[in-house]
Amino acid sequence: MSYLRLAIPSPLRRLFDYLPPADCDLATLMPGIRVKVPFANRQLIGMLIEVTDTTDVPAKKLKPALEILDTTPPLPAHLLKLARWSASYYQHPVGEALSQALPVLLRKGEADNYIPAMKWRACTGASTDSIAKNASKQRQLLQWLLNNPAGLTPEQLKEAGSTKATLTSLQEKSLIEQFTPQPDEQADNILREPPLTLNPQQQTAVDSLSEDSGFRSILLYGITGSGKTEVYLQAIEAQLKQGKQALVLVPEIGLTPQTVTRFKARFNVSIVSLHSNLTDKQRLEAWQQARAGVAKIVIGTRSAIFTPLKHPGVIIIDEEHDASFKQQDGFRYSARDLSVMRAHRENIPIMLGSATPSIESLYNVQQQRYQWLQLTQRAGNAKPPGFELLDIRQDNLQDGLSPALIKQIGGHLQQGNQVLVFINRRGFAPSLMCHDCGWIADCRRCDAHMTLHRSPAHLHCHHCDSQRPIPRVCDSCGADELKPVGAGTERTESALQQLFPETPVIRVDRDTTQRKQALQDIVDQVNLGDPCILVGTQMLAKGHHFPKVTLVAILNADSGLFSADFRGMERTAQQILQVAGRAGRAELPGKVVMQTHHADHPTINSLINEGYLAFAQQELNTRNSANLPPTINCIMIRAEARYQGQAERFLMQVRQQFDRQDGKPQWIGPLPSPMEKRAGMFRAQLLLQSHDRKTLHGLVNHIALQLEASAEARKIRWSVDVDPIEMF
Ligand code: ADP
Ligand code: ZN
Ligand code: ZN
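Computed from a predicted model, the values in this text were never measured in an experiment.

Undergrad: Help me understand the overall build of the protein chain in this model?
TA: Within the protein chain, the secondary structure is distributed over 20 helices and 29 strands. A globule of 728 residues ought to have a C-alpha radius of gyration of about 27 Å, and the protein chain, at 28 Å, matches this closely. With the principal axes as the frame, the protein chain shows a C-alpha extent of 85 × 80 × 55 Å. A separation threshold of at least 6 residues defines the contact pool for the protein chain, and within that pool the share at least 24 residues apart is 76%. Positive and negative side-chain charges in the protein chain, numbering 80 and 73 respectively, have mean positions lying 3 Å apart.

This is the structure we're talking about:
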């Protein structure tokens, strides 16, 4: 007898055996193909791990699989292996992890047959001279195709406004033709625009990736505006010339439309960007194009890490310090760390770039796991911005703005420049308080205040998304004088608009950028170059290049300094430098003003006087002596339950199980989470630490399997987070 051993998307950490479906040729089944099976009362799509001739399942419990869905596995063998490895490393049920490595439609069982989309291109020798002068639409279209020798898809043509009639008449004149792109077809002319002349540091960085010597992991430290993107572009160019592909991971594509635009402007090759606005169908097609080798460059966020490449050439992780590379729920993998593993297995180079590298990556450089390269100068004529700490302890703030800052904003606008005001909270005010008794409007489901929003007017919990109308009187004493406390983007926006009625004030936060094109429209408006004030959250800190911004104001620079999370200082430093990096990126010199109540805080001062690396080295020393990551390995076990104390009691039992094991790790907790109640659940956490990673992982795996089998644990929501980056 033969059995199919399958990974099935269920919360159980094990594989499942099935009988093969009737009339199935076992010899043709390859690991990784999808198989539809009955599971409990449902049908699920599993992935074949192996065909075996033994099983522990009693014969009468064995069920036949329903259908074999693939002849060849959707994921190439090495990515299947990587996904299995990551399930085990991140201690996640293997079936769920493998399922997540596939595009949604394949998870659901859609057929995996890739039909390459037809494209249009200009015929050899075609020229606009042969088109009548008055047929301007036809001339335009042909010129555009001549500029794009790799061809354009019907959608691209439609987006640019060309009609079926124009296409048909050009086709009838034999000036343009349809064709099917071939995976290994090499465009003669990869470049659409000439590359910039690199400075010596950039050249060294590009060369380090072009040398053809297989895997190496490079940390590129380049201050903001130093031309990291140009390094990526030219490193990719070298790979494209060898017929290879590139995978580029970025924190959030929606936030940096400019990055994708720059890639598309540079290259004539097919580029797919896997952003959240794609439909499942488009996402599947992009994924298949990459796998077929048709798409040469894949730009995506975290989940793009499992995109197969036919001819892998290089992996780039931009803004490698960004927390979004770590998935924070379910399958809690780090796409950055997995990428390094992937590059190693595919034997290709990987570059991690940042102006504010993570302490983990700097540690990896010290351990000689990563090679270190740096860009210490801003590209072109741009100079790094100057910093000013504005002590606001004695100031009368006007909606959170100090008089000295307001004056400076006015000055920069008068020079015809643009100003960026950073405040890390959206909404009008972070809380609403009763002036008489001090009552504050709290979320009923979380240990948190509700944020006051004015447009539209409501109270909003940013942790569980609950909303309710703004109360007219105090819940506690009935007084009717409820006052907003503190400032968010909406309040700052309206204050600045009153102070500078002539100048457009543009707010950029999650509320103003929900529409698909919204952020792009804002970027376009800013790039027109007229004076304006941008007010926004960290959305504004990420990767934007606004040449006319000369002043960056950081309103609450202190907000992360006293965080309960040991990474608070690192995050604060990164955020300050990333926002600051938007100032003075072109010809005009930039200035950064930081409002603070702690103008003499040693860390802030060392950060702005000695720079990020000095700060990071100190931080690493501190972590080292306090036995904190990255010098020690961590696993966090979290639990949440309906009643207070329940999750903690459960974790206490978990801890006792560790006590009974050899080589037990150090622990902290169980403790209630810093925000104990969230969305109606009470949360607690147990942190395990050890210098011996193998033993730690082995123990946690052992205990997770025991928990899975325990009836007690089924009443609790619990999860394992390996290498956690948030301590809550
Ligand atoms: P980063 O990604 O490091 O923040 P960018 O790649 O966005 O920096 O570069 C900042 C600006 O400098 C861009 O306008 C870019 O076109 C320009 N730039 C980059 N490299 C060069 C170069 N070698 N010569 C001239 N300008 C450059
Ligand atoms: Zn009151
Ligand atoms: Zn809430």
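Undergrad: I would appreciate a short explanation of the sheet that holds strand 10 (residues 271–274) in the present structure.
TA: What holds strands together in a sheet is hydrogen bonding between their backbones, with the strands either parallel or antiparallel. Across the sheet, 7 strands lie side by side as 10-11-9-12-13-8-14; this open sheet has parallel pairing. Sheet topology places strand 10 and strand 14 (371–375) at the edges, where each strand pairs with a single neighbour. For this sheet, the mean inter-axis angle between neighbouring strands, taken without regard to orientation, is 20°. Note: strand 12 (residues 312–318) against strand 13 (residues 349–354), 4 bridges, orientation parallel. If you follow isoleucine 315 over to strand 13, its bridge partner there is isoleucine 350.

Undergrad: I keep staring at the coordination of the zinc ion (ligand 3) and nothing clicks. Help me out?
TA: Four donors placed tetrahedrally around a metal ideally meet at 109.5 degrees, and six donors placed octahedrally ideally meet at 90 or 180 degrees. Coordination of the zinc ion (ligand 3) by the protein is provided by Cys443 (SG), Cys446 (SG), Cys461 (SG) and Cys464 (SG), with metal-donor distances spanning 2.2 to 2.3 Å. The coordination sphere of the zinc ion (ligand 3) comprises 4 donor atoms, whose angles at the metal cover 105 to 114°; the geometry is tetrahedral. Mapping the donors of the zinc ion (ligand 3) onto the primary sequence yields the spacing C-x2-C-x14-C-x2-C. A residue pair is termed long-range when its members are at least 10 positions apart, and cysteine 446 in the loop between strand 17 (431–434) and strand 18 (451–454) and cysteine 461 in the loop between strand 19 (457–460) and strand 20 (467–468) qualify at 15 residues. Comparing cysteine 446 with cysteine 461, the two get one shared label, buried.

Undergrad: Honestly, the site of ligand 1 in this entry has me stumped. Any pointers?
TA: Close contacts around ligand 1 come from 15 residues, with Thr197, Gln202, Lys228, Thr229 and Arg262 the closest. Compared with its free state, where it exposes 560 Å², ligand 1 has 78% of that area covered by protein. Among the elements that line the shell around ligand 1, the one with the most residues is helix 8 (residues 228–241), at 3 residues. Classifying every residue of the shell around ligand 1 by side-chain character gives 4 nonpolar, 7 polar and 4 charged.

Undergrad: What's the story with helix 7 (residues 200–210) in this structure? I'm lost.
TA: In an α-helix, one turn spans 3.6 residues; hence positions three or four apart end up facing the same way. For helix 7, the complete set of buried residues consists of Gln202, Ala205, Val206, Ser208 and Leu209. Projected down its long axis, helix 7 carries its buried residues within an arc of 155°, all on one side.

Undergrad: Is there a simple way to explain the coordination of the zinc ion (ligand 2) in this structure?
TA: The protein atoms that coordinate the zinc ion (ligand 2) are Cys434 (SG), Cys437 (SG), Cys474 (SG) and Cys477 (SG), at distances spanning 2.3 to 2.4 Å. Around the zinc ion (ligand 2) sit 4 donor atoms, and with donor-metal-donor angles ranging over 106 to 112° the site reads as tetrahedral. Each donor residue of the zinc ion (ligand 2) lies on the same chain, and together they follow the pattern C-x2-C-x36-C-x2-C. With a relative accessible area of 3%, cysteine 474 lands in the buried category.

Undergrad: What exactly am I supposed to notice about the sheet that holds strand 28 (residues 681–690) here?
TA: In space, the 4 strands of this open sheet follow the order 27-28-26-29, with antiparallel pairing throughout. Edge positions in the sheet fall to strand 27 (666–678) and strand 29 (717–722), since each has one partner strand and no second. Each adjacent strand pair in this sheet contributes to an overall mean axis angle of 20°, direction not counted. Note: strand 27 against strand 28, 7 bridges, orientation antiparallel. Across the sheet, residue leucine 671 finds its bridge partner in strand 28, namely glutamine 685.

Undergrad: I would appreciate a short explanation of the environment of tryptophan 372 in the present structure.
TA: Position of tryptophan 372 among the secondary structure elements: in strand 14. Given the relative accessible area of 29%, tryptophan 372 is considered partly exposed. In sequence terms tryptophan 372 and serine 217 are 155 residues apart; their C-alpha atoms lie 8.9 Å from each other. Other than its neighbours up to four places away in sequence, tryptophan 372 contacts Leu219, Tyr221, Leu362, Val365 and Leu613.

Undergrad: Sorry, what's going on with the packing of helix 8 against helix 9 (residues 257–266) here?
TA: To characterise two packed helices, one gives the angle between the axes of the helices and the distance between these axes. One can describe the packing of helix 8 onto helix 9 by two numbers: an axis separation of 11 Å at closest approach and a directional angle of 40°. Judged by the inter-axis angle, helix 8 sits oblique to helix 9. Relative to helix 9, the crossing made by helix 8 is right-handed. Listed contacts from helix 9 to Thr229, Glu230, Tyr232, Leu233, Gln234 and Ile236 of helix 8 are Arg262, Phe263 and Arg266.

Undergrad: Honestly, the pattern of salt bridges in this entry has me stumped. Any pointers?
TA: Side-chain pairs of opposite charge can arise whenever the charged atoms involved come near each other. Evaluation of the coordinates by the stated rule reveals 29 salt bridges. A salt bridge links aspartate 17 to arginine 5; its shortest N-O distance comes to 2.8 Å. Of this pair, aspartate 17 sits in strand 2 (residues 16–18) while arginine 5 is found in strand 1 (residues 3–7), placing the two residues 12 residues apart along the sequence. We note that aspartate 17, like arginine 5, is buried. Via salt bridges that share partners, Lys326, Arg332, Arg638 and Asp721 belong to a single interconnected network.

Undergrad: Any chance you could explain the packing of aromatic side chains here in plain terms?
TA: Geometry of an aromatic ring pair is reported as the spacing of the ring centres plus the angle between the planes. In the structure shown here, the tally under the stated rule is 7 aromatic pairs. Three or more aromatic residues link up through ring pairs in this structure, and these residues are Trp85, Tyr89 and Tyr90. Positioned above the aromatic ring of phenylalanine 179, the side-chain terminus of arginine 121 is 3.9 Å from the ring centre. Above the ring of phenylalanine 428, the side-chain terminus of arginine 454 is found at 4.0 Å from the ring centroid.

Undergrad: How should I be thinking about the side chain of glutamine 689 in this particular structure?
TA: In this fold, glutamine 689 is placed in strand 28. Taking relative accessible area as the criterion, glutamine 689 reaches 4% and is therefore assigned buried. Leave out the neighbours within four places in its chain, and glutamine 689 touches Asn627, Leu628, Pro629, Ile632, Asn633, Cys634, Pro665, Gln666 and Ile668.

Undergrad: What should I look at first to understand the environment of leucine 12 in this one?
TA: For leucine 12, the position within the fold is in the loop between strand 1 and strand 2. Among the residues examined, leucine 12 registers a relative accessible area of 31% and is labelled partly exposed. A sequence separation of 81 residues divides leucine 12 from proline 93, and the C-alpha atoms of the two residues are 5.7 Å apart. What leucine 12 contacts, discounting residues up to four positions off in sequence, is Pro93 and Glu708.

Undergrad: Honestly, helix 18 (residues 612–625) in this entry has me stumped. Any pointers?
TA: With 14 residues, helix 18 should cover 20 Å at 1.5 Å per step; its first-to-last C-alpha distance of 20 Å lies within 8% of that length. Once helix 18 finishes, asparagine 627 follows within two positions and takes phi at roughly 55°, a positive value.

Undergrad: Please explain the environment of aspartate 447 as it appears in this structure.
TA: For aspartate 447, the position within the fold is in the loop between strand 17 and strand 18. With relative accessibility at 44%, the residue aspartate 447 sits in the partly exposed group. Aspartate 447 sits 227 residues away from proline 674 along the chain, and the two C-alpha atoms are 9.2 Å apart. One polar contact links the side chain of aspartate 447 to the main-chain amide nitrogen of glutamate 676, over a distance of 3.3 Å. At a separation of 2.8 Å, a polar atom in the side chain of aspartate 447 contacts the main-chain amide nitrogen of lysine 677.

Conventions and cut-offs
- Residues numbered from 1 in each chain as written.
- Chains lettered and ligands numbered in written order.
- Predicted model: local features only at pLDDT ≥ 70, side-chain atom pairs only at ≥ 80, totals over all residues.
- Heavy atoms only, no water.
- Helix = DSSP H or I, 4+ residues; strand = E, 2+ residues; numbered from the N terminus.
- Rg over C-alpha atoms; globule rule 2.2 N^0.38 Å.
- Contact = heavy atoms within 4.5 Å.
- Lys, Arg positive; Asp, Glu negative; His and termini not counted.
- Charge placed at Lys NZ, Arg CZ, Asp CG, Glu CD.
- Pairing = 2+ DSSP bridges.
- Axes fitted to C-alpha atoms, helices over the stretch in contact; angles between N-to-C directions.
- Donors = N, O, S within 2.8 Å, 3.2 Å for Na, K, Ca; no water.
- Tetrahedral: all angles 85-135°; square planar, octahedral: opposite > 155°, others 65-115°.
- Buried < 20%, exposed > 50% of the residue type's maximum accessible area, 1.4 Å probe, protein only.
- Near = heavy atom within 4 Å.
- Areas by Shrake-Rupley, 256 points an atom, 1.4 Å probe, with all protein chains shown as cover.
- Nonpolar A, V, L, I, M, F, W, Y, C, P; charged D, E, K, R; others polar.
- Arc of directions from axis to C-beta.
- Parallel < 35°, antiparallel > 145°, perpendicular 65-115°, else oblique.
- Left-handed = near helix turned anticlockwise from the far one by under 90°.
- Salt bridge = Lys/Arg side-chain N within 4 Å of Asp/Glu carboxyl O.
- Phe/Tyr/Trp six-rings, centres within 6.5 Å; stacked < 30°, edge-to-face > 60°.
- Lys NZ or Arg CZ within 6 Å of the ring centre and 35° of its normal.
- Expected span 1.5 Å × (residues − 1).
- Polar contact = N/O pair within 3.5 Å; in protein donor to acceptor, adjacent residues only side chain to side chain.

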